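What follows is each chain in one-letter form.
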Amino acid sequence: MLGKKSSAWLRAAALAFALGGVQAAGAASLDTMIKVPPPTTHTYEEDLLTGAQRYHAAQKAAAEKLVEQWMAGRQAEIDALKKRGATDQQAADAIDERIFLARLAASTGDFGADVSPKFDYLQRKLPILSALSNLGHERFQEFTRRNDISVPGEFYSCLCQSYSIMGASVSYHPEPTTDCRNSAPCKGGNWGCVSHDLPSDTGVWARCSASTAPGLSRSFVDGAVDRVGMLQEKYRKDVCMSLNGILLTAVDLFDGGKFKDRKNHSIFSDEEATTAFLENMVPREGGTEVAVEALIDRLKNVFGLGADDQTGLYVLLTDQDMPSTTGDNPYIFITKTISPESTFPPTDARGNPIAGEKRSLSFEMALAQRIMAAPASLEPKDVFRMALEVTKGDLPLGMLIAHNLLKEAAYAKRLGQPMVIGHIPESLGAPATSNTPKGKELKEQYARFFGQKGVWAGRDFIIRNPALINDKLRDIRPVYDKQAEERLGPWYHMFGLLFVGSHPQLGEDLAELGASVENATRLLNLGSGRDLGKEALNNCAAKLVAGLMRGIRFHGGFSWTP
């Protein structure tokens, strides 16, 4: 989901709050900031009307005190907005309007009516401006081309001139020059080649935007910000709505009842459940009891966020590669390992089990077979249902299997490589490609099971063509998405967040943080670049899993509003 290095994760976690979470003191409306507890008891001598009057008087006093605090911090809030790219006039107008409306609301008691259009516009604009200023020259030009935005040449010149120092002028030259034979757009200097990419300082962008459009009511950067904002809102609605079916499927499977008794149970519920699962799942054939128990203990100890570069959930979710190449990771071990103790029936074209047949498979093989045997185009709710059927109702494990399989397919497709969906550990003896009668029989069984679409390569069971998975899934990106051809990315992102949010020891709060961190890394150009479709889906999936888990945990039914 993110980049390869742990430092990028940690930096992004902090920067997610710096970009998306830091707001001026008046960002929240008065009614969300006033903490006056409502009256819960009253005596016969004090009737309800008197209690209500006292409560509202306390609310009004708290609101007036809050407005006084905002007024005292006016200049600090203006300075904070200017650092994020607002002009002095924009910041002052927004803060003054915010304080005026809040003061009016405090005097009338209508605390929800203190929303400032100017302030709210800046709150939407500044993170987008930060994202644009971090794109770099090539990607910013691609953005403007795709969105038919005309950029004045003077704007680029102004940006490059911000690098100039006394005696060394830097100007806009996107093509190589005699002195600077590189593609960096800002070039100059009197003593050799000095070159830079476009500056990323949002204040510089704001000043240059304003100075190059003095006769216009709004600068081209404001237009670009509006364009991105409209796309974000449209993506949010369209992408979120495509996930609604998961809630209905969950109601059917958990409340309605195929897995009614398992709604609060998972192999991740506690150490006892994890131990029991691993003891049944870890292959024992060919290994000593001591070695098997040592493997179980190692796997058990590193379940969680992980403390090193090779194990744990962090590596699984952040590594930009196929999970099968991510190293000795327990979260991958349990989904890819073929175990004699785990058998699954194959399914027909409608997804129904074929009676009388069972195979020892990995969890990913069992899910892949169901996806490949099903008709296109599968909705998220369909894969959600298949994953739960494979795990017999273990929600977190099902989401992990779907994430690992779809991420494997996504990177295999990008890299032009086969995808590994099953692995036989060395403890099972000879690899499946051996020329023994048992090896040949095993290969023939699996080939029939997968309709000749999967083959053995040493100890790995592979699917050479990841399109066999990709093409069965419906594209959940909107049709107008500029990256609509990249289908699998949003799918595995969604199931990754559903896994984190449904994990009993992690929870939906961490899923929302994960969505914020992932989106912040894109905003800051750390790892992957901006992808509005994925960003919208990250936020939607985090909200979805919160509603999903509350419904399951408290037996109160399922509810979610995108």
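Keep in mind that this is a model prediction, so the values were computed, not measured. (Residues numbered from 1 in each chain as written. Predicted model: local features only at pLDDT ≥ 70, side-chain atom pairs only at ≥ 80, totals over all residues. Heavy atoms only, no water.)

Caption draft 1: How the structure looks around the overall build of the protein. Secondary structure assignment for the protein yields 23 helices and eight strands. The 562 residues of the protein split such that 49% are buried. Intrachain contacts of the protein at a sequence separation of at least 6 include 67% that bridge at least 24 residues. Working note: accessible area of the protein is about 26,100 Å², and carbon and sulfur atoms make up 54% of it. (Helix = DSSP H or I, 4+ residues; strand = E, 2+ residues; numbered from the N terminus. Buried < 20%, exposed > 50% of the residue type's maximum accessible area, 1.4 Å probe, protein only. Contact = heavy atoms within 4.5 Å. Areas by Shrake-Rupley, 256 points an atom, 1.4 Å probe, with all protein chains shown as cover.)

Caption draft 2: Just the state of the cysteines, in detail. For the structure on display, the rule yields three disulfides. Here C158 connects covalently by a disulfide to C208, the sulfurs 2.1 Å from one another. Torsion about the S-S bond of the C158 and C208 cystine: about -75°, corresponding to left-handed handedness. On the criterion of sequence distance, the pair formed by C158 in helix α8 (residues 153-161) and C208 in helix α9 (residues 202-211) is long-range, its members being 50 residues apart. The disulfide partner of C180 is C193, and the gap between their sulfur atoms is 2.0 Å. (Disulfide = S-S within 2.5 Å.)

Caption draft 3: Representation of the pairing of strand β8 (residues 460-463) in the model. The sheet contact formed by strand β6 (residues 419-423) and β8 spans four bridges and is antiparallel. In the sheet register, G422 faces β8, and the bridge partner there is F461. As judged from the three bridges shared by strand β7 (residues 455-457) and β8, these two strands associate in the antiparallel manner. Looking across to β8, one finds that V455 is bridged to I462. (Pairing = 2+ DSSP bridges.)

Caption draft 4: Just the sheet that holds β8, in detail. One open sheet accounts for three strands, arranged β6-β8-β7; its pairing is antiparallel. Either end of the sheet is taken by a strand with one partner, and the two such strands are β6 and β7. Neighbour-to-neighbour, the strand axes of this sheet turn through a mean angle of 40°, independent of strand direction. Helix-sheet contacts for helix α16 (residues 363-373) involve β6 and β8, and the interaxial angle to β6 is about 130°. (Axes fitted to C-alpha atoms, helices over the stretch in contact; angles between N-to-C directions.)

Caption draft 5: Representation of the confidence of the model for the protein within the structure. When pLDDT is averaged along the protein, the result is 75, and 70% of the positions lie at 70 or above. Under a pLDDT of 50 for its full length, residues 1-27 has, in the predicted model, 64 contacts with residues more than four places off or in other chains. Predicted confidence is poor over residues 305-309, with pLDDT under 50, and the contacts of this stretch with residues over four places away or in other chains come to 10 contacts. (pLDDT = per-residue confidence, 0-100.)

Caption draft 6: Here's a closer look at the sheet that holds strand β3 (residues 194-196). Sheet architecture is open: three strands sit in the order β1-β2-β3, paired in antiparallel fashion. The open sheet has two edge strands with one neighbour each: β1 (170-172) and β3. Averaged over all neighbouring strand pairs, the angle between strand axes comes to 25°, with direction disregarded. Relative to the sheet, α8 contacts β1 and β2 (186-188), its axis offset from that of β1 by approximately 155°.

Caption draft 7: Expanded view of the pattern of salt bridges. Going through the model one piece at a time under the given rule, you end up with seven salt bridges. Measuring nitrogen to oxygen at the nearest pair gives 3.1 Å for the salt bridge that ties D88 to K82. Judged by its relative accessible area of 32%, K82 is partly exposed. Note that K336 is salt-bridged to E408, the shortest N-O span being 3.4 Å. Residue K336 is found in helix α15 (residues 330-336), and its partner E408 is found in helix α18 (residues 395-415); the two are separated by 72 residues along the sequence. Exposure remark for K336: the relative accessible area of 5% places this residue in the buried category. Shared partners join several salt bridges into a network, and the residues in it are K336, E364 and E408. (Salt bridge = Lys/Arg side-chain N within 4 Å of Asp/Glu carboxyl O.)

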